[in-house]
Amino acid sequence: MTKTVLITGASSGFGAACARAFAKLGCKLVLCARRGEALQLLRQELAPLVAVHVFTLDVRDREAVAAAFAALPAEFSEVDLLVNNAGLALGLEPAHQASLDDWDTMVDTNVKGLMYCTRALLPGMVDRNRGHVVNIGSVAGSWPYPGGNVYGASKAFVQQFSRNLRSDLLGTRVRVTNIAPGMAETEFSQVRFKGDDDKAQRVYAGTEPLSAEDIADVVVWVSSVPGRVNINSIEVMSVSQAWGPLAVNRGGREG
Ligand code: NDP
Ligand code: 8X3
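Residues numbered from 1 in each chain as written. Chains lettered and ligands numbered in written order. Predicted model: local features only at pLDDT ≥ 70, side-chain atom pairs only at ≥ 80, totals over all residues. Heavy atoms only, no water.

## With respect to the nonpolar core
Ranked by internal contacts, the top residues of the largest apolar core, which has 39 residues, are V5, I7, F22, L29, L31, I179 and V219. Broken down by element, this core gets its largest block of residues, 8 residues, from helix α1 (residues 13-24). Ignoring sequence-local partners within four residues, the contact set of L31 consists of I7, A10, A19, L39, L42, V52, H53, V54 and F55. In this structure, F55, L72, L82 and L121 belong to the second largest nonpolar core, which totals 27 residues. (Core = buried A, V, L, I, M, F, W, Y, C linked by side-chain atoms within 4.5 Å. Buried < 20%, exposed > 50% of the residue type's maximum accessible area, 1.4 Å probe, protein only. Helix = DSSP H or I, 4+ residues; strand = E, 2+ residues; numbered from the N terminus. Contact = heavy atoms within 4.5 Å.)

## Focus on the pattern of salt bridges
On inspection of all chains with the given rule, the structure shows 6 salt bridges. In this structure, R60 engages D58 in a salt bridge whose closest nitrogen and oxygen atoms are separated by 2.7 Å. Residue class for R60 comes out partly exposed when judged on its relative accessible area of 32%. Residue classification places D58 among the partly exposed residues on the basis of a relative accessible area of 25%. (Salt bridge = Lys/Arg side-chain N within 4 Å of Asp/Glu carboxyl O.)

## So, the site of ligand 2
What surrounds ligand 2 is the set S138, V139, A140, Y145, Y151, F188 and R192. Note that an oxygen atom of ligand 2 is positioned 2.5 Å from one of the side-chain N or O atoms of S138. At 2.6 Å from an oxygen atom of ligand 2 is found a side-chain nitrogen or oxygen belonging to Y145. Expressed as a share of its isolated accessible area of 240 Å², the protein-covered part of ligand 2 is 83%. For the shell around ligand 2, a count of residues per class yields 5 nonpolar, 1 polar and 1 charged. (Near = heavy atom within 4 Å. Polar contact = N/O pair within 3.5 Å; in protein donor to acceptor, adjacent residues only side chain to side chain. Areas by Shrake-Rupley, 256 points an atom, 1.4 Å probe, with all protein chains shown as cover. Nonpolar A, V, L, I, M, F, W, Y, C, P; charged D, E, K, R; others polar.)

Pasting the structure below:
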């Protein structure tokens, strides 16, 4: 089993659930996110079980990521598993009405932040010839939906980056996995709808969405298979979710 696990975006949702799951397995934890108070509460909860190192980090800040990961205390410095989980969707407007600031934030976090964290930890993994990068993508990276524009595109990046990493890492025992969850009830929709609780709750109303723990179970599983096995990509949906038919416009404005 993996020994030292670094999780980005550990202050809520999938990241916090992963921290709890890996603590139960006795792994040392390195947890980061922007909200320090939530991280401290999690540290207090898990410290009786395992060694936990927490620090605030905005993954969009390239220098801060490099500095924080280079300054990990010796006990935590050999990261075996990086869970690139920090990420967000902002807005659901069509592309011609969406906020460019929101688009920038999604690209800076979901694409560039994930790049910075990966680039900072990969050299150590390659040197040790051991390690695993688990990227949290999304079904939105494969399947388009109205309003998914840049969010989905950022997760398509995660999927292809994951595959390309494996190409570069051939000949090492460093593994890479893209996990693509569908609808899961976390703080995701509150963030997407900028604190509008009604809108956020309507996403899940009458459904049985995935839970954060469901995804943590998947992260634990992909990292627990024998070292010769690389789970490349895994897509997970609630039974409440499936695909719709291709959309056809009838009678609207077209030329
Ligand atoms: P949450 O909003 O509950 O968690 C998101 C986490 O990301 C928080 O811990 C947040 O911490 C962190 N985060 C966001 N921006 C930054 C940043 N700039 N720097 C550091 N940390 C950051 O949502 P989920 O748990 O659902 O989301 C986790 C991942 O799963 C995301 O990548 C999301 O896109 C993906 N996902 C979610 C699905 C869902 O339906 N819930 C489905 C498919 C994928 P803080 O605010 O403290 O920085
Ligand atoms: C989150 C799932 O379908 O809201 O990535 O994009 S979805």
